[in-house]
Amino acid sequence: MTSAQQMSALAGANCEVAVDDLTRHLYATDASLYRIVPAAVGFPRNTAQASALVLAAAQAGLSVIPRGAGTGLAGGAIGDGLVIDFARHNRRITDLDLERRTVRVGPGVILDQLNAFLKPYGFMFGPDVATSSRATLGGMIANNSSGARVLAYGATARHVAELEIVLANGSVALVGPGHDTLRPQRELIADIVYFHALEIEERFHSRLRKRFPGYGVDGCLREPDNLNWLISGSEGTLAAITSAELRIVPLPEEKGLALLFFASVAEAMRATVELMDLRPCAVEHVDRVLLDQTLGKREFQAARDLLELDHQPCQAVLMVEFQEEVADRLAAVSGRRLGLRHKLVTAPREMALVWALRKAGLNLLTSRPGDAKPVTCVEDAAVEPARLPAYVGELQKLMARLGLQASFYGHAAAGLLHVRPVLDPHSPGDVRKMRELADGVSALIRHFRGSLAGEHGVGIARTEYMQAQLGDGLFGVMRQIKRAFDPHNLFNPGKIVPDGRYRLDADLRLEPGRVLKPPFEPVLAFAARDGSFIRNLEQCNGCGVCLKEAPAMCPTFQATGREFMSTRGRANALRAAFGPNGLDGADPLLAPELDAALENCLSCRACISECPSNVNLPLLKAEVLHARIRRDGLGWRARVFSLVDWLGFWGCLMPRLANRLLDSTWPRGLLARTIGLAWQRPLPPYTRERFDRWFRRRPAPPGASRGRVILWDDTFVRYHEPHIGKAAVRVLEAAGFEVVLAGGRKCCGRPAFSQGHLSRVKKLGAHNLALLSRLERQAPVLFLEPSCYSMFVEDYRELRLAGASEIASRCFLFEQFIEGLLGAEPDALRFHSQPGRMVIHAHCHLKSLMDPQFLQRLAARLPGREVALLDTGCCGMAGAFGATESKYELSLEIAQPLITQVRGQPYGTVVVASGTSCRQQIDHLAPVKSRHLAEVLAQALDQSGR
């Protein structure tokens with residue numbers, strides 16, 4: 001059948017199917033090392049559409065690859081046929097039955113989403129994978145996932161009550177206890193487990209806490225009629241899961257964590273065995289290699305402080321958690337005096353800090369600078385916990401023979417350590433070492449009678465080892481099961497039951513000879529990560545943290561659920577465009593697929609801090625846009641949006657006329673036709689008195705006792721919101737500072753930077769840095785606009801501008817500076833008491849650079865105020881983004897969570913937003929007038945004096 005005929009067959013499924021080049025390339029990868037471009041991607045909304053898709057694929061001669069969030073590490077969710085994405089839709093949670101302790105979920109429901117739904121009822125889903133913020137329940141069932149607390153809850157299959165599945169012929173069946181369906185398969189399974197009972201018990205022994213590779217015949221040995229044991233862990237090779245009834249468990253009444261610190265990994269392994277008699281629910285191991293990756297990362301500094309790593313370093317840490325008789329068991333751990341030292345933790349916030357560090361393990365490791373990174377090739381091997389020290393010792397010997405370094409972390413109590421050898425997949429020599437290591441680990445696991453696929457699955461990475469791992473008899477059983485469910489090898493062919501198409505070291509995403517090369521010479525430094533455009537791009541390991549639903553990353557994905565709107569999708573689009581063959585042979589700089597990915601990036605910078613690998617999409621985007629400008633010239637829209645400061649100058653010459661024109665129909669229509677400005681979007685009015693002119697004309701202030709500060713009057717303060725600048729001056733002078741402006745300053749360049757007009761930004765930045773360097777060298781420079789502040793403290797350095805680092809050390813946000821002052825001298829400012837409620841929305845750029853909690857601390861210094869920091873993401877405005885007609889509706893979608901929270905506040909609540917774009921969006925969409933914190937502080941000043 002020709003490609004056109006195949007696509008015609010798929011079109012008959014009455015379901016969304018994408019065959020465009022961009023979508024196919026986005027779904028060519030997951031979180032594994034592999035890359036295979038599919039023929040098409042389907043997005044069913046329900047079981048009927050999934051059934052039609054499977055049948056259409058069979059008729060078209062295409063294989064079917066079911067997919068959840070694409071967070072798997074073994075390559076189970078990629079292939080060259082039809083990928084069916086169950087994650088975009090199919091996210092309903094229904095039929096909660098508290099008496100039976102069950103709930104029904106669609107395969108696209110995310111684990112954290114389910115647990116948030118269950119929490120008010122006092123329940124949760126037991127298995128707790130590290131990727132809980134984006135892992136789908138369908139994927140967890142297909143992989144028989146477990147997680148850290150497997151000692152308490154076991155693997156996912158144990159919690160499956162009923163499954164609805166689509167078979168290879170398109171038929172739909174319910175399976176599980178009490179369902180008299182698929183009788184031929186059930187009878188075959190019953191015969192198989194009867195004749196192979198001794199071999200199954202010997203190979204799939206109960207001393208291993210994690211799963212064994214292949215189909216769950218050990219579960220069928222106990223319940224021959226319950227096909228859930230086979231579908232769970234089948235990795236999409238037998239059927240597609242379209243809904244599931246799950247068993248839920250009560251939330252633990254108490255928790256406690258013992259942290260033990262060791263001088264070596266071997267000592268930590270021995271201690272793990274010694275602790276098992278205390279019946280912990282989890283014992284997690286983290287080594288020095290992983291811990292060192294948290295150095296200098298703001299989001300992990302609190303955890304480092306809690307662990308006292310900067311003052312008392314160690315080589316290994318054990319996290320030992322208890323959920324029953326916590327006080328007695330923690331005391332017992334303490335009494336054993338294991339390791340160098342220990343720390344007992346029971347505060348929920350502190351425990352959450354440590355677990356967050358552990359959950360970020362893989363992504364922290366892959367953020368290591370350079371081409372060689374800890375890779376996932378032997379990370380899923382598990383042995384009996386009692387044999388873990390001996391296994392780790394042999395594995396370390398194998399590593400030493402190959403000259404490899406590695407990180408050892410993970411589920412020590414379950415006998416599974418995620419071992420990540422440092423390898424460069426670009427290097428043929430390192431790929432050979434990866435092969436030798438995988439062969440050696442396979443042999444070790446056979447010797448220790450463990451599992452080569454303890455929780456991440458067989459996928460591509462381990463399929464070729466299946467026969468050796470299982471033995472000929474059980475491997476033949478797996479073949480029989482595959483044929484019984486999928487006689488024509490439709491579902492995920494070549495995985496679990498190999499057919500020769502997949503090998504550990506083939507189809508690599510970063511394989512030798514596959515060189516990514518942008519068709520331009522990058523100009524940015526990428527100083528914070530790797531010093532290279534391509535290396536920063538390759539930091540994206542596909543783990544999918546950007547798919548999480550919590551603020552802030554990635555706002556466009558949260559609004560749309562579409563892969564190309566995520567940080568991972570954009571990174572994959574760039575990789576596809578700059579790879580050897582490009583996107584369908586198109587000009588990589590003009591490819592429409594690349595446009596679709598990049599033009600919807602708000603440059604909110606959330607990925608810089610929230611992506612554990614610190615992929616900097618705003619810098620990558622700016623480089624590409626700049627390359628287009630260098631080659632093809634600057635377009636009118638980019639030119640106009642780059643000149644916001646210049647427009648402010650001219651608008652304030654005749655503000656009444658300028659404002660009348662901007663509010664009139666025909667000028668707005670002209671702007672819509674020429675530069676694509678959204679007619680619905682209110683534009684900020686020009687002020688009648690510029691802030692800098694007010695500042696020069698005001699009466700001389702009283703004498704200053706604290707020295708001089710430089711207030712940066714940004715474009716919007718100067719030309720649109722002078723009242724904010726006036727309020728800041730009032731507060732600073734009340735605190736005893738002499739306030740000066742940077743006379744002759746130019747725009748910081750943020751508007752031009754967002755358009756990729758980097759040559760203009762360099763000129764503006766060089767002027768501003770030279771200006772500030774001539775002013776008082778010790779005077780702090782204060783910013784009222786976070787996006788201007790981020791230009792000075794980060795982006796000027798990325799542009800390699802002289803003096804950028806020195807000036808950056810003097811730069812502070814206004815609120816940050818005042819909170820620092822009051823933290824040291826609480827009486828430096830006095831405020832009157834006034835009851836009221838205040839909520840604060842923090843700017844995305846602020847959150848990317850620092851913890852926004854200081855905003856709440858500062859506001860809480862106002863007597864009588866009840867203050868809350870909103871848990872919000874991007875406002876959706878992002879400067880020019882939300883002002884354009886083509887992005888207006890998307891801007892509103894992104895803003896919806898923020899606006900919902902603002903509208904839900906009690907009457908009279910003061911809404912504070914630090915960014916001008918945020919205030920514009922809030923004022924446009926909510927019945928409130930948002931304010932800058934400088935205004936609130938100025939209004940609250942005690943008039944009786946300091």
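Now for a quick tour of the structure. (Residues numbered from 1 in each chain as written. Predicted model: local features only at pLDDT ≥ 70, side-chain atom pairs only at ≥ 80, totals over all residues. Heavy atoms only, no water.)

1. Some thoughts on the environment of Ser532
Looking at where Ser532 falls in the secondary structure, it is placed in the loop between α19 (466-485) and α20 (533-538). For Ser532, a relative accessible area of 24% translates into the label partly exposed. Distance in space between the C-alpha atoms of Ser532 and Gly370 is 9.5 Å, their sequence separation being 162 residues. In this structure, Ser532 is in contact with Ala525 and Phe526, ignoring residues within four places of it in sequence. In this structure the side chain of Ser532 is engaged in a polar contact, spanning 3.3 Å, whose partner is the backbone nitrogen of Ile534. (Helix = DSSP H or I, 4+ residues; strand = E, 2+ residues; numbered from the N terminus. Buried < 20%, exposed > 50% of the residue type's maximum accessible area, 1.4 Å probe, protein only. Contact = heavy atoms within 4.5 Å. Polar contact = N/O pair within 3.5 Å; in protein donor to acceptor, adjacent residues only side chain to side chain.)

2. Things to note about the nonpolar core
If you look at the biggest cluster of nonpolar residues, it comprises 129 residues, and the most contacted ones within it are Phe792 and Ile818. Broken down by element, this core gets its largest block of residues, seven residues, from helix α32 (residues 722-734). Ala412, Leu437, Ala461 and Tyr465 belong to the second-largest nonpolar core, a separate cluster that totals 59 residues. (Core = buried A, V, L, I, M, F, W, Y, C linked by side-chain atoms within 4.5 Å.)

3. Some remarks on helix α42 (residues 933-940)
In terms of burial, α42 is a largely internal element, seven of the eight residues being buried. The complete set of buried residues in α42 reads Leu933, Ala934, Glu935, Val936, Leu937, Ala938 and Ala940. Looking at the packing, one finds that the buried side of α42 touches α32, α37 (814-824), β23 (836-841), α39 (853-859), β24 (865-869) and β25 (910-913).

4. What about the pattern of salt bridges?
As enumerated under the stated definition, the model contains 55 salt bridges in all. One salt bridge connects Glu16 with Arg88, and the closest N-O pair in it is separated by 3.1 Å. One end of the pair, Glu16, is in the loop between α1 (3-11) and β1 (17-18); the other, Arg88, is in the loop between β4 (82-85) and β5 (93-97), with 72 residues separating them in the sequence. Two residues, Arg435 and Glu464, come together in a salt bridge whose shortest N-O distance is 2.8 Å. Residue Arg435 is located in helix α18 (residues 428-448), and its partner Glu464 is located in the loop between α18 and α19; the two are separated by 29 residues in the primary sequence. (Salt bridge = Lys/Arg side-chain N within 4 Å of Asp/Glu carboxyl O.)

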